[in-house]
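Close look at the chain arrangement
Residues per chain are reported as follows:
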Protein chains: 2
Amino acid sequence: MSEVREVRVRADELAPLVGDLPHNVALIEAAIRDAAENDVELLVLPELATSGYYLRDVEEARSVGLDRSDPLFERWAALLRPGMVLVVGFCETAGDGMYNSAAVLGAEGVLSVYRKTHLWDAERDIFTAGAERPAVVTTPVGSLGTLICYDLEFPEMPRGLALRGADILAVPTNWPLIPRPHGERAPEVIQAMAAARTSGLAIVCCDRTGDERGGRWTEGSTVISAEGWPVGVKSAARQVDATIELRADRWTVGPRNHLLRDRRPELYSD
Amino acid sequence: MSEVREVRVRADELAPLVGDLPHNVALIEAAIRDAAENDVELLVLPELATSGYYLRDVEEARSVGLDRSDPLFERWAALLRPGMVLVVGFCETAGDGMYNSAAVLGAEGVLSVYRKTHLWDAERDIFTAGAERPAVVTTPVGSLGTLICYDLEFPEMPRGLALRGADILAVPTNWPLIPRPHGERAPEVIQAMAAARTSGLAIVCCDRTGDERGGRWTEGSTVISAEGWPVGVKSAARQVDATIELRADRWTVGPRNHLLRDRRPELYSD
């Protein structure tokens, strides 16, 4: 039997209000407290959870922007149990720049901030695309990678994180609802399932809900095992709770193959 | 409205007999004739359709191996209607070497041969892994890429073909049946759906059927649109017929995004 490590994860599909920082902070803090009380080890919250998504312009974004040294992050870290990890999307101000970012927090404070590198649609009018690859962050729940929404539709991104040692991938998202054939999962979930199985990477996608300036959401929060299958069920409170099992030999497939070592990178260059 | 090009495709899920070349040649030729009579423009047949899969050893493989200059290929080409394309997996001999290969044929003859670059399990005891990237072949049905079975589980492979201009990807496979959660598609199909949507690439996967030395097959032949959705239904004769629609603007997503131009290759290196 292969060694198995278990991680209790939650995606909490919040309904932020656009431009209302105090309201969204209250939502986030309630979500952290509830997760801590329920022994969640990794809590993932949506993209731009602090600000809402359909920000009108840079001015509105700036009015709800947070610098990464904002005391709010320390306050949230203080709400985490020891060993607990939070990934939360936020609207980041950094000098004159604005970024669609996600913070990784442990009980001791901010561990890492990732700036979304693939911007969707009108995000480009407000945010600057991140210039750095997402880091693999050593956390109490394992080696954690973070992507934001549209980033995940570039298979190079989850693959790169897996090759750099990520065990679990947290993906704050705001998936706009698009048509799909009856009975099918959201296409973004299918891409996440493929990414998980391709690289033996567990993935926690946290989408959002709520009405916002006419926008509708997929409400597709999904926890995906390192074998590529959705696990856990969304509660009436829009929380997906699941236990991820990370087998020590999860890259081994069949009697003689290995998901990562079987790669032929010399054939992959563009 | 975007310009749309339509291609009538078929995956014909044959049941080759291992080590019985004459039987398999008869199956292949019947499949070509039937497709030609039914106005199929692109016919995809399984991996190792000439030889069967669970070959005991190199000696048995060699007994059913075909050199790529074998007159059989010209005979098959002569069965194609003008404008028709065939992709068929075969057991290739080349001097002392053996390869798990796929030939792309037009009515005028062999257009290209691809040697599988990611070998599965005991294939390594018989075949040498191909050393070359799959070519994008200009054919009457469009710019065609070919991968074989396990190759498709490396997302770098379909992505590379799309970046080099492929419209359609033909994938001869022999998917061994593995357990999956009730109600789920085969995981290989999910990976193919993700690869299709990721790169605006239509994909025709042709699996096999039949009993062979205790091996069972997924029987998962699937035609996938460039938007990532299965199209067509498998007939009682195990043929999946579908019309692929290739929109000229299929890489455009949403108002301002593009599946390929939005890539950030500077962030993708290992």
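Note that this is a predicted model, so its numbers are computed, not measured. (Residues numbered from 1 in each chain as written. Chains lettered and ligands numbered in written order. Predicted model: local features only at pLDDT ≥ 70, side-chain atom pairs only at ≥ 80, totals over all residues. Heavy atoms only, no water.)

Concerning the pairing of strand β7 (residues 142–146) of chain B
Residues and elements named next belong to chain B. Heads up, the rule is: Think of it in three bands: with a 1.4 Å probe and only protein chains considered, a residue is buried below 20% of the maximum accessible area for its type, exposed above 50%, and partly exposed in between. Numbering of helices and strands runs from the N terminus, with a helix taken as a DSSP run of H or I at least four residues long and a strand as a DSSP run of E at least two residues long. The criterion for strand pairing is that DSSP finds at least two bridges linking the strands in question. Orient the strands so they point away from the viewer, and a crossover whose first-strand-to-second-strand path over the helix runs clockwise is right-handed.
The element β7 is largely enclosed, with a buried count of 4 among its 5 residues. Note that strand β6 (residues 137–139) and β7 share 3 bridges and pair antiparallel. Bridge pairing in β7 links Val-137 to Leu-144. Between the antiparallel neighbours β6 and β7 lie 2 residues. Note that the unit made of β7, helix α5 (residues 156–163) and strand β8 (residues 168–172) has a crossover that is right-handed.

Thoughts on the sheet that holds strand β7 (residues 142–146) of chain A
Residue and element names in this part refer to chain A. We count it as follows: A contact between two residues is defined here by any heavy atoms of the two lying within 4.5 Å. Lines fitted to the C-alpha atoms define the axes, with helices restricted to the stretch that makes contact. Angles between their N-to-C directions range from 0 to 180 degrees.
A sheet is described by the order of its strands in space; here 6 strands give the open sequence β6-β7-β8-β9-β10-β11, paired in mixed fashion. Each edge of the open sheet carries a strand with a single partner, namely β6 (137–139) and β11 (230–231). Packed onto the sheet, helix α6 (residues 187–199) meets β9 (202–206), β10 (222–224) and β11 and runs at close to 20 degrees relative to β10.

Looking at the packing of aromatic side chains
All names here are of chain A. Condition: Side-chain rings of Phe, Tyr and Trp, where Trp is taken by its six-membered ring, are said to pair if the distance between their centres is within 6.5 Å; with planes under 30 degrees apart they count as stacked, over 60 as edge-to-face, and otherwise as tilted. In this scheme, the term charge over a ring applies when either NZ of a lysine or CZ of an arginine sits within 6 Å of the ring centre and within 35 degrees of the ring normal.
In this structure the tally under the stated criterion is 14 aromatic pairs over all chains. Summarising the aromatic geometry, the rings of Phe-73 and Phe-90 are spaced 4.8 Å apart at their centres and angled 70 degrees between planes, so their arrangement reads as edge-to-face. In this pair, Phe-73 is assigned in helix α3 (residues 71–79) and Phe-90 in strand β3 (residues 85–94), connecting sequence segments 17 residues apart. Just as Phe-73 is buried, Phe-90 falls in that class too. Among the aromatic residues, those joined into a ring-pair cluster are Tyr-53, Tyr-54 and Trp-217. A cation sits over an aromatic face here: Arg-115 above Tyr-99, 3.7 Å from the ring centre.

Focus on the pattern of salt bridges
Going by this rule: Think of a salt bridge as a Lys or Arg side-chain nitrogen and an Asp or Glu carboxyl oxygen that are within 4 Å of each other.
Applying the stated criterion across every chain yields a total of 46 salt bridges over all chains. With a shortest N-O distance of 3.0 Å, Asp-125 of chain A and Arg-256 of chain B are connected by a salt bridge. Of this pair, Asp-125 of chain A sits in helix α4 (residues 123–126) while Arg-256 of chain B is found in the loop between β14 (252–253) and β15 (257–258), placing the two residues in two different chains. Taking relative accessible area as the criterion, Arg-256 of chain B reaches 35% and is therefore assigned partly exposed. Notably, a salt bridge pairs Glu-29 of chain B with Arg-75 of chain B, separated by 2.8 Å at the nearest N-O pair. Of this pair, Glu-29 of chain B sits in helix α1 (residues 21–37) while Arg-75 of chain B sits in helix α3 (residues 71–79), placing them 46 residues apart in sequence. Among the residues examined, Glu-29 of chain B registers a relative accessible area of 10% and is labelled buried. Note on Arg-75 of chain B: relative accessible area 47%, which makes it partly exposed. Taken together, the shared-partner salt bridges in this structure form one network comprising Glu-13, Glu-219, Lys-234 and Arg-238 of chain A.

Notes on the interface of chain A and chain B
Put simply, the rule reads: Here the quantity called buried area is the total loss of accessible area, with a 1.4 Å probe, experienced by two parts when brought into contact, counted for both. Polar contact is defined as a pair of N or O atoms within 3.5 Å, subject to the rule that within protein one atom must be able to donate a hydrogen and the other to accept it, and that residues adjacent in sequence are counted only when both atoms are side-chain atoms.
Facing the 51 residues of chain A at the interface are 51 residues of chain B. Note on chain A versus chain B: buried area summed over both sides is about 4500 Å², and carbon and sulfur give 52% of it. Among the residues chain A hides against chain B, the three largest losses belong to Arg-197, Trp-229 and Arg-256 of chain A. Together they make up 16% of the total. Counting the contacts that link chain A with chain B gives 12 salt bridges. Glu-156 of chain B is the partner of Arg-159 of chain A in a salt bridge, and the nearest nitrogen-oxygen pair spans 2.7 Å. Summed over the shared surface of chain A and chain B, the number is 28 residue pairs in polar contact (both at pLDDT 80 or more).

Here's the deal with the confidence of the model for chain A
Worth spelling out the cut-off: As a per-residue quantity, pLDDT reports the predictor's confidence and falls between 0 and 100.
Within chain A, residue pLDDT values average 97, and 99% of them lie at 70 or more. Scored as a complex, the prediction yields pTM 0.98 and ipTM 0.97.

Some thoughts on α5 of chain B
Here α5 of chain B lies mainly inside the structure; 7 of its 8 residues are buried. Taken together, the buried positions of α5 of chain B are Glu-156, Met-157, Pro-158, Arg-159, Gly-160, Leu-161 and Ala-162 of chain B. Tucked inside the fold, the buried residues of α5 of chain B contact α5 (156–163) of chain A together with β5 (109–115), β7, β8 and α6 (187–199) of chain B. Gly-165 of chain B lies just past α5 of chain B and shows a positive phi near 110 degrees.

Regarding the side chain of Asp-121 of chain A
Definition in use: Just so you know, the count uses Lys and Arg for positive and Asp and Glu for negative, and it drops His and the chain ends.
As for its position among the elements, Asp-121 of chain A is in the loop between β5 (109–115) and α4. Here Asp-121 of chain A is buried and forms no salt bridge, its nearest opposite-charge partner Arg-256 of chain B lying at an N-O distance of 4.2 Å.

Considering α6 of chain B
Stated formally: To estimate how far a helix should extend, the number of its residues minus one is multiplied by 1.5 Å.
In this model, α6 of chain B (13 residues) spans 19 Å end to end at C-alpha, consistent with the 18 Å of a helix rising 1.5 Å per residue. At the exit of α6 of chain B stands Gly-200 of chain B, carrying a positive phi of roughly 60 degrees.

Considering the packing of helix α1 (residues 21–37) of chain A against α3 of chain A
Residues and elements named next belong to chain A. Our working definition: Note on terminology: angles under 35 degrees are roughly parallel, angles over 145 are roughly antiparallel, angles of 65 to 115 are roughly perpendicular, and the others are oblique. Here a crossing is called left-handed whenever its near helix is offset anticlockwise from the far helix by less than a right angle, and right-handed whenever the offset is clockwise. Amino acids are sorted into nonpolar (Ala, Val, Leu, Ile, Met, Phe, Trp, Tyr, Cys and Pro), charged (Asp, Glu, Lys and Arg) and polar (every other residue, Gly among them).
Running from N to C, α1 and α3 cross one another at 20 degrees; their axes reach a closest spacing of 9 Å. In terms of orientation, α1 lies roughly parallel with respect to α3. Between α1 and α3 lies a crossing of right-handed hand. Taking contact as the criterion, the partners of Val-25, Ile-28, Glu-29, Ile-32, Arg-33 and Ala-36 in α1 are, on α3, Leu-72, Arg-75, Trp-76 and Leu-79. When the residues that make up the contact of α1 with α3 are grouped by side-chain class, the tally is 7 nonpolar, no polar and 3 charged.

What to know about the relation of the copies chain A and chain B
What counts is decided by this rule: A residue counts toward the fit only if its pLDDT is at least 70 in both copies, and the copies are then superposed by least squares on the C-alpha atoms of those residues.
The two copies are related by a screw operation: chain A maps onto chain B through 180 degrees of rotation and 0.0 Å of translation along the axis, at an RMSD of 0.0 Å. Those values place the two copies in the arrangement expected of a two-fold rotation axis. Most of the interface of chain A is mirrored in chain B, where 100% of its interface residues are also at the interface.

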